[in-house]
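In case you want the letters, here they are:
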Amino acid sequence: LKGDLFECVTGRYDMIVSNPPYIPTKVIEGLQEEVRLHDPYIALDGKEDGLYFYREIIKNSAYYIKKGGFLLFETGYDQGEAVSALMRDAGYSKVSIQKDLADQDRVVCGSYHRAERKPV
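What comes next is a walk through the structure. Not measured: the values here are computed from a predicted model. (Residues numbered from 1 in each chain as written. Predicted model: local features only at pLDDT ≥ 70, side-chain atom pairs only at ≥ 80, totals over all residues. Heavy atoms only, no water.)

### Comments concerning the pattern of salt bridges
- One pass over the full model with this rule turns up five salt bridges.
- The shortest N-O distance in the salt bridge between arginine 55 and aspartate 49 comes to 2.5 Å.
- Between lysine 59 and glutamate 56 there is a salt bridge, and its shortest N-O distance comes to 3.3 Å. Residue lysine 59 and its partner glutamate 56 are located together in helix α4 (residues 52-61), separated by three residues, close to a single helical turn. (Salt bridge = Lys/Arg side-chain N within 4 Å of Asp/Glu carboxyl O. Helix = DSSP H or I, 4+ residues; strand = E, 2+ residues; numbered from the N terminus.)

Next up, the structure:
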């Protein structure tokens, strides 16, 4: 499927996994060339604070995730706490941060236990 966020998604899932763009716009030009010139800009740009797509996915995930389902994100090394807070505020529980091999925050996951919502 090719679409913008959940645009082409139907059904409910036990797990949603995402590696959204998470680099703040103002930081992109200062990235190492192998990142900045290799990946498409759209794959890097997480908007002003780098959290735009996390907010959108978390907000809309309740329409597509089964009760008790899991949402997992790759995050920037300094975004684990912010993404965890967004998930908890949206009703996710068992929210945890997993570290990568360099001992940096890298994955945030949580389980959704509120009632399923119907898409608008």
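### What about the side chain of serine 61?
- By secondary structure assignment, the location of serine 61 is in helix α4.
- For serine 61, the side chain forms a polar contact with the side chain of tyrosine 92, separated by 2.5 Å.
- If near-sequence neighbours (up to four positions away) are discounted, serine 61 is found in contact with Phe6, Ile16, Leu71 and Tyr92. (Polar contact = N/O pair within 3.5 Å; in protein donor to acceptor, adjacent residues only side chain to side chain. Contact = heavy atoms within 4.5 Å.)

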